[in-house]
Amino acid sequence: MNQYLRNLTAEQQVSALFIIVFGLLFLTHVTVFMLSLRERGDTPQAEVVNARLAEARALLRTSWAMVIVFWVGWASGEGVATTLFAIVAFFALREFITLSPTRRGDHRSLVLAFFVVLPIQFWLVATAHFDLFTVFIPVYVFLAIPVVSALADDPQRFLERNAKLQWGIMVCVYGVSHVPALLLLQFPKWGNKGAFLVFFLVFVVQTGTLVQHLVSRRWPRAPRAPNVSQSFNWTSWSIGLASGSLLGGLLSGITPFKPGQAMAMALIACVAGSMGHLVMKALKRDRGVPNWGAQGHSVTGASGLLDRVDALCFAAPVFFHSVRWYFGA
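These numbers were taken from a predicted model, which means no experiment stands behind them.

(A) Representation of the nonpolar core. With 73 residues, the main nonpolar core has Ile169, Leu201 and Phe319 as its most contacted residues. For this core, the elements supplying multiple residues, two or more each, are helix H3 (44–98), helix H4 (107–126), helix H5 (130–151), helix H6 (158–183), helix H7 (194–218), helix H8 (234–250), helix H9 (259–287) and helix H10 (305–327). Beyond its immediate chain neighbours, meaning those up to four positions away, Ile169 contacts Leu93, Ala113, Val117, Ile137, Val141, Ile145 and Tyr174.

And the structure:
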């Protein structure tokens with residue numbers, strides 16, 4: 001399969017992936033829809049099945065959204081894709097801040113985050129200033145935010161308020177910005193195929209997450225962190241990582257990696273994504289909501305934009321820097 005993919009042109013690779021991925025998603029979606037039409041009454045068992053079908057639909061919506069990311073990046077070009085991800089980062093940060101109580105003294109810091117930090121970060125991505133864009137937020141912004149807050153003359157819960165804003169910027173802006181950065185990476189004898197790295201990242205992370213969820217439901221075990229997630233356990237997590245890694249090896253033909261290297265990169269991405277998803281669940285439990293947004297209702301009108309990209313926010317920076325380190329870029 002890998003050799004077959006490598007022998008195809010970029011356009012032929014896109015067509016092949018379109019048929020395979022969208023075909024699988026469509027068949028899965030139809031199957032879940034048909035199962036949801038069955039009458040089950042009002043028994044406790046029926047409620048459990050309906051809840052699992054609802055979870056499956058939510059995962060499928062996330063899968064559709066994540067896979068479309070690849071097609072947007074490929075079809076629209078780097079400039080439009082970077083702008084799109086900047087918009088995603090804006091709404092993701094807005095959802096995060098919605099659950100973080102703010103005071104009047106935070107207004108200047110919020111304006112700085114939304115209308116200065118975010119545009120500069122994505123401008124650095126669009127202009128391929130990779131060395132600066134990787135340190136702009138962790139160094140310069142993290143020092144500037146508390147200074148701006150201190151000048152607002154409001155010391156009440158100062159550390160907590162600034163830590164929440166810094167964490168939101170790190171996840172929603174810094175994390176998301178690494179996805180379009182993948183589009184701009186160049187490697188010898190590979191050409192302008194950065195969109196395939198985005199597809200590779202999204203597909204392996206989403207597959208690992210989906211397999212982990214399905215295994216935990218099919219063969220339930222004692223959760224490792226029950227107060228954070230009832231579905232997370234080491235067995236399902238390991239199976240999810242193995243599935244994502246094997247898929248990465250199979251997809252090495254669309255990447256600059258050899259099969260073993262692709263499996264290693266997929267494993268790194270899946271570990272980062274799954275752990276990030278667990279961390280974001282802990283944050284939601286802390287705020288007492290099932291989904292991101294005001295009272296668990298997304299400000300974007302979806303079930304929670306941040307719910308759909310939380311794993312990617314953690315996986316993208318780790319994957320990006322792992323790729324750059326490996327190739328010495």
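(B) Inspection of the packing of H7 against H9 at higher detail. Relative to each other, H7 and H9 sit at 60°, their axes nearing to 9 Å. By the angle between their axes, H7 is oblique relative to H9. The chirality of how H7 crosses H9 is right-handed. Contact residues: Phe200, Leu201, Val204, Val205 and Gln212 in H7; Ala262, Met265, Ala266, Ala269, Cys270, Gly273 and Ser274 in H9.

(C) Representation of the pattern of salt bridges in the model. Taken as a whole and judged by the stated rule, the model has six salt bridges. Of the charged contacts, one joins Asp106 and Arg161 as a salt bridge, the two residues approaching to 2.9 Å between their closest N and O atoms. Of this pair, Asp106 sits in the loop between H3 and H4 while Arg161 sits in helix H6; the two residues are 55 residues apart in sequence, bridging distant segments of the chain. The residues Asp106 and Arg161 share a single accessibility class, namely buried. Across the pair Lys284 and Asp307 runs a salt bridge, and its minimum N-O distance is 2.7 Å. Highlighted residues: Lys284 in helix H9 and Asp307 in helix H10, separated in sequence by 23 residues.

(D) Local environment of the packing of aromatic side chains. Under the criterion given, the structure shown has 14 aromatic pairs. Aromatic side chains Phe114 and Phe115 sit 6.4 Å apart centroid to centroid with 45° between the ring planes, which places their arrangement in the tilted category. Overall, Phe114 belongs to the buried group, its relative accessible area being 12%. Each ring, one from Phe232 and one from Trp237, has its centre 6.4 Å from the other, and the planes form 55°; the classification is tilted. Judged on exposure class, the residue Phe232 and its partner Trp237 are both buried. One aromatic cluster in this structure is built from Phe90, Phe91, Phe114 and Phe115.

Here is what the cut-offs are and how they apply
- Residues numbered from 1 in each chain as written.
- Predicted model: local features only at pLDDT ≥ 70, side-chain atom pairs only at ≥ 80, totals over all residues.
- Heavy atoms only, no water.
- Core = buried A, V, L, I, M, F, W, Y, C linked by side-chain atoms within 4.5 Å.
- Buried < 20%, exposed > 50% of the residue type's maximum accessible area, 1.4 Å probe, protein only.
- Helix = DSSP H or I, 4+ residues; strand = E, 2+ residues; numbered from the N terminus.
- Contact = heavy atoms within 4.5 Å.
- Axes fitted to C-alpha atoms, helices over the stretch in contact; angles between N-to-C directions.
- Parallel < 35°, antiparallel > 145°, perpendicular 65-115°, else oblique.
- Left-handed = near helix turned anticlockwise from the far one by under 90°.
- Salt bridge = Lys/Arg side-chain N within 4 Å of Asp/Glu carboxyl O.
- Phe/Tyr/Trp six-rings, centres within 6.5 Å; stacked < 30°, edge-to-face > 60°.

Purely geometric numbers; function is a separate question.
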